[in-house]
Amino acid sequence: MSLRNGASISVILFGAMSLGLVFGCVIPILPSIALHFGGSSGAVIAQLVFAIACVGLMCGGPIAGWAITRYDPRTVLLVALATFSLAGGAGLLLDRAFTFLVSRFVLGLSAAAINTAGVTLISQRFEPQVRMRVLGYYNACGPIASVLALALSGVVSEKLGWRGPFLFYLIGVAVFGLALVSIPGSRPAAPKQGSELTGRFWRPLLPFYALLVPLSIPLFTASLQIPFLLAEHGYARPALIATIAAISSISVSTGALCYGRLRLALNEKGVLVLMLTAIGAGHLILGSTQALPLTALGAIVTQIGGGMLLPHFLSLLLDRTPVATHGPVSGWVYSAHFLGMFMNSPTLAPITALVGIEGALALLGAILLAAAVAVAVYRPRQPEPQ
């Protein structure tokens with residue numbers, strides 16, 4: 001492998017890592033952010049740090065996909081990397097709540113754009129059989145970066161104060177420099193190819209996006225619901241919650257790393273059944289026990305299945321569409337995925353109010369297992385011979 005190829009691969013892999021940095025850098029400093037902005041509004045602002053970035057992630061994919069069809073993935077990647085560094089590094093200076101939250105929204109936009117451009121570059125470089133394995137490796141990088149960001153941000157914030165972890169976003173400056181010299185330019189989609197993005201083009205893809213949204217909801221249970229589950233069981237210790245979060249992130253990476261081999265061994269349907277079974281069984285375990293080891297097991301099983309989700313849907317959609325359309329196609333994948341993340345709490349909150357958090361997780365697990373059985377036994381009708 002040449003030095004330039006190695007640098008370009010590092011740039012592309014940073015896309016998934018940027019997602020880990022968006023959230024991982026700020027988790028240890030949320031109480032300090034609330035204290036800094038003070039009063040009753042401080043806690044609200046700290047909570048919005050996550051929500052606003054998530055909205056940016058939902059919006060950024062489609063915008064980046066549109067830009068790729070008019071320019072090229074390299075240009076979009078360079079702009080997104082520069083924006084990521086500026087928006088993330090702004091936390092070192094900003095003191096007004098409004099501008100601080102705007103910077104978090106822009107950070108989410110740019111991270112989604114980096115990933116959309118990165119997946120588009122992967123689709124241009126690799127044939128489908130290799131691409132699905134590369135997509136697994138790619139998506140394994142995000143959770144690993146998240147674990148590292150969590151660990152390092154806690155240490156840095158104790159040494160430099162709550163603004164210290166925002167220094168990590170300046171890594172984007174170095175990646176921008178690498179991208180500038182290692183990513184070759186490419187032509188945007190030709191007008192004829194761009195005109196393919198009509199209602200007729202999107203119609204057969206809509207079921208995939210519609211399925212991705214609800215499947216993404218349980219993937220974020222580990223981050224958003226398990227801390228409350230542990231608290232209900234009497235394990236509300238920050239170090240323990242952080243340990244479970246780290247184990248969950250490593251499990252996501254494990255699932256993503258295994259995806260390529262599983263997809264070769266199984267077909268598209270087989271991977272979907274396996275994924276639904278793992279996520280469903282994990283939720284059923286989480287909702288059926290108060291034992292700490294079994295709670296950790298439930299998180300591991302859930303996240304191994306969840307780690308296959310993005311590479312699977314990216315692979316399904318990229319396999320079904322022309323390369324010239326892969327920017328918009330992958331951009332909407334990230335939009336659907338983070339819409340599911342955003343819907344985790346609103347979806348589970350009313351169920352939790354009725355049956356408790358354990359009952360809500362067990363019910364979700366049962367639904368997912370039933371879906372796995374339904375997919376396994378489903379046989380599409382064969383067209384009658386003429």
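Because the structure is a prediction, the values reported are computed rather than measured.

Trainee: So what's going on with the overall build of the protein? Which residues, and what values?
Mentor: In terms of helices and strands, the protein carries 17 helices and 0 strands. For the protein, the C-alpha radius of gyration of 21 Å lies close to 21 Å, the compact-globule estimate for 386 residues. Relative to its 386 residues, the protein shows a buried fraction of 51%. Sequence separation of at least 24 residues holds for 84% of the intrachain contacts in the protein that already meet a minimum separation of 6. Carbon and sulfur atoms form 70% of the exposed surface of the protein, whose accessible area is close to 17100 Å².

Trainee: Tell me about the confidence of the model for the protein, and please be specific about residues and values.
Mentor: Looking at the protein as a whole, the pLDDT averages 86, with 92% of positions reaching at least 70. By mean pLDDT, the top-scoring element of the protein is helix α4 (residues 73-89) (94), and the lowest-scoring one is helix α8 (residues 191-194) (46). Taken together, the stretch residues 190-194 has pLDDT below 50 and engages in 3 contacts with residues farther than four places along the chain or on a different chain.

Trainee: Describe the pattern of salt bridges, naming the residues involved and giving the relevant values.
Mentor: All chains considered together, the criterion is met by 5 salt bridges. The partner of Arg-263 in a salt bridge is Asp-319, and the shortest N-O contact between them spans 3.6 Å. Remark: Asp-319 occurs in helix α16 (residues 309-319) and Arg-263 occurs in helix α13 (residues 238-265); sequence separation between them is 56 residues. Given the relative accessible area of 10%, Arg-263 is considered buried.

Trainee: Tell me about helix α17 (residues 326-377), and name the residues and values.
Mentor: For α17, with 52 residues, the first-to-last C-alpha span of 32 Å runs short of the 76 Å given by 1.5 Å per residue. Where α17 bends most, the angle comes to about 120°, and this point is Val-355.

Trainee: Account for helix α6 (residues 128-160), naming residues and giving values.
Mentor: End to end, α6 covers 46 Å across 33 residues, agreeing with the expected 48 Å (1.5 Å per residue, within 8%). Positive phi appears at Gly-161, one or two residues downstream of α6, with a value of about 90°.

Trainee: Residue-level account of a nonpolar patch on the surface, with values.
Mentor: Residues Leu-160, Leu-167, Leu-170 and Val-173 make up a contiguous nonpolar surface patch of roughly 350 Å² in combined accessible area. Following the sequence through the fold, Leu-160 ends up in helix α6.

Trainee: Report on the side chain of Ser-103, specifying residues and quantitative values.
Mentor: With respect to the helices and strands, the residue Ser-103 is situated in helix α5 (residues 97-125). Judged by its relative accessible area of 8%, Ser-103 falls in the buried class. In this view, Ser-103 contacts Ala-87, Ala-90 and Leu-94; residues no more than four positions away in its chain are not counted.

Trainee: Would you mind going over the state of the cysteines in detail, with residue names and values included?
Mentor: For the structure shown, the criterion picks out 0 disulfides. Of the cysteine sulfurs around Cys-54, a residue in no disulfide, the closest is that of Cys-59, at 9.8 Å. For Cys-141, which is in no disulfide, the shortest distance to another cysteine sulfur is to Cys-258 and amounts to 14 Å.

Trainee: So what's going on with the nonpolar core? Residues and values would help.
Mentor: Counting 102 residues, the largest nonpolar core has Ile-33 and Phe-84 as the members making the most contacts within it. By residue number, the principal contributor to this core is α17, which donates 13 residues.

Trainee: How would you summarise the packing of helix α14 (residues 268-286) against α16 if you had to cite specific residues and measurements?
Mentor: Taken N-terminus to C-terminus, the directions of α14 and α16 make an angle of 155°; their axes are 11 Å apart at the nearest point. In terms of axis orientation, α14 runs roughly antiparallel to α16. Judged by the twist between their axes, the crossing of α14 over α16 is left-handed. Touching Glu-268, Val-271, Leu-272 and Met-275 of α14 are Leu-309, His-312, Phe-313 and Leu-316, all from α16. Looking at side-chain class alone, the contact of α14 with α16 contains 6 nonpolar, 1 polar and 1 charged residues.

Trainee: Pulling in residues and values, what's your account of the packing of aromatic side chains?
Mentor: What the rule picks out here adds up to 10 aromatic pairs. Between Phe-100 and Trp-162, the aromatic rings sit 6.4 Å apart at their centres with planes inclined by 80°, giving edge-to-face as the arrangement. Separated by 62 residues along the polypeptide, Phe-100 in helix α5 and Trp-162 in the loop between α6 and α7 (171-182) bring together distant segments of the chain. Through successive ring pairs, a cluster of aromatic residues spans Phe-14, Phe-37, Phe-84, Phe-100, Trp-162, Phe-166 and Tyr-169.

Trainee: Now, about the packing of α4 against α5: what can you tell me, with residues and values included?
Mentor: At their nearest, the axes of α4 and α5 sit 8 Å apart, and the two run at 150° to each other. In terms of orientation, α4 and α5 fall into the roughly antiparallel class. You can see that α4 and α5 cross each other, and the crossing is left-handed. Contacts between α4 and α5 pair Pro-73, Val-76, Leu-77, Ala-80, Leu-81, Thr-83, Phe-84, Ala-87 and Gly-88 from the former with Ser-103, Val-106, Leu-107, Ser-110, Ala-111, Ala-113, Ile-114, Ala-117, Thr-120, Leu-121 and Gln-124 from the latter.

Trainee: Kindly report on the environment of His-312, identifying the contributing residues and their values.
Mentor: Position of His-312 relative to the elements: it lies in helix α16. Counting along the chain gives 13 residues from His-312 to Ala-299, while the straight-line C-alpha distance between them is 20 Å. Ignoring sequence-local partners within four residues, the contact set of His-312 consists of Tyr-259, Arg-263, Glu-268, Val-271, Leu-272 and Met-275. Reaching out from His-312, the side chain makes a polar contact with the backbone oxygen of Glu-268 at a distance of 3.4 Å.

Reading the values: the criteria
- Sequence order as written defines residue numbering, which begins from 1 separately in each chain.
- For this predicted model, a pLDDT threshold of at least 70 governs which residues receive local features, and a threshold of 80 or more governs which side-chain atom pairs are given and counted, while totals over whole chains, interfaces and linings are taken from all residues.
- Based on all heavy atoms of the structure, the side-chain values leave hydrogens and waters out of the count.
- A run of DSSP states H or I qualifies as a helix once it reaches four residues; a run of E qualifies as a strand once it reaches two. Both are numbered from the N-terminal end.
- All radius of gyration figures rest on C-alpha atoms, and the globule criterion is 2.2 Å times the number of residues raised to 0.38.
- Note on classification: 1.4 Å probe, protein chains only; a residue is buried when its accessible area is under 20% of the maximum for its type, exposed when over 50%, partly exposed between these limits.
- We call two residues in contact whenever any of their non-hydrogen atoms come within 4.5 Å of each other.
- Calculation of accessible area relied on Shrake-Rupley with a 1.4 Å probe; when residues are assessed, cover is drawn exclusively from the protein chains displayed.
- pLDDT is a per-residue confidence score from the predictor, ranging from 0 to 100.
- Within this document, salt bridges are pairs made up of a side-chain nitrogen of Lys or Arg and a carboxyl oxygen of Asp or Glu, the two lying within 4 Å of each other.
- A helix is expected to span 1.5 Å multiplied by its residue count minus one.
- What is called the bend at a residue is the angle between a pair of axes, fitted to the seven residues leading up to and ending at it and to the seven starting from it.
- Like charges within 9 Å and nonpolar side chains (Val, Leu, Ile, Met, Phe, Trp, Tyr) within 5 Å are joined into patches, using only residues over 30% in relative accessible area that form no salt bridge.
- In this description, the term disulfide denotes a pair of cysteine sulfurs within 2.5 Å.
- We define the nonpolar core as a collection of buried residues of types Ala, Val, Leu, Ile, Met, Phe, Trp, Tyr and Cys that are connected through side-chain atoms lying within 4.5 Å of one another.
- Axes, fitted as lines to C-alpha atoms, cover a helix only where it is in contact. Angles between the N-to-C directions of the axes lie from 0 to 180 degrees.
- Working rule for angles: under 35 degrees goes down as roughly parallel, over 145 as roughly antiparallel, 65 to 115 as roughly perpendicular, anything else as oblique.
- A clockwise turn of the near helix away from the far one marks a right-handed crossing, whereas an anticlockwise turn of less than a right angle marks a left-handed crossing.
- Note that Gly is not counted as nonpolar here; it falls among the polar residues with everything else outside the nonpolar set of Ala, Val, Leu, Ile, Met, Phe, Trp, Tyr, Cys and Pro and the charged set of Asp, Glu, Lys and Arg.
- Each pair of aromatic rings taken from Phe, Tyr and Trp, with Trp reduced to its six-membered ring, is defined by centres within 6.5 Å and is described as stacked if the planes are under 30 degrees apart, edge-to-face if over 60, and tilted in the remaining cases.
- Polar contact is defined as a pair of N or O atoms within 3.5 Å, subject to the rule that within protein one atom must be able to donate a hydrogen and the other to accept it, and that residues adjacent in sequence are counted only when both atoms are side-chain atoms.

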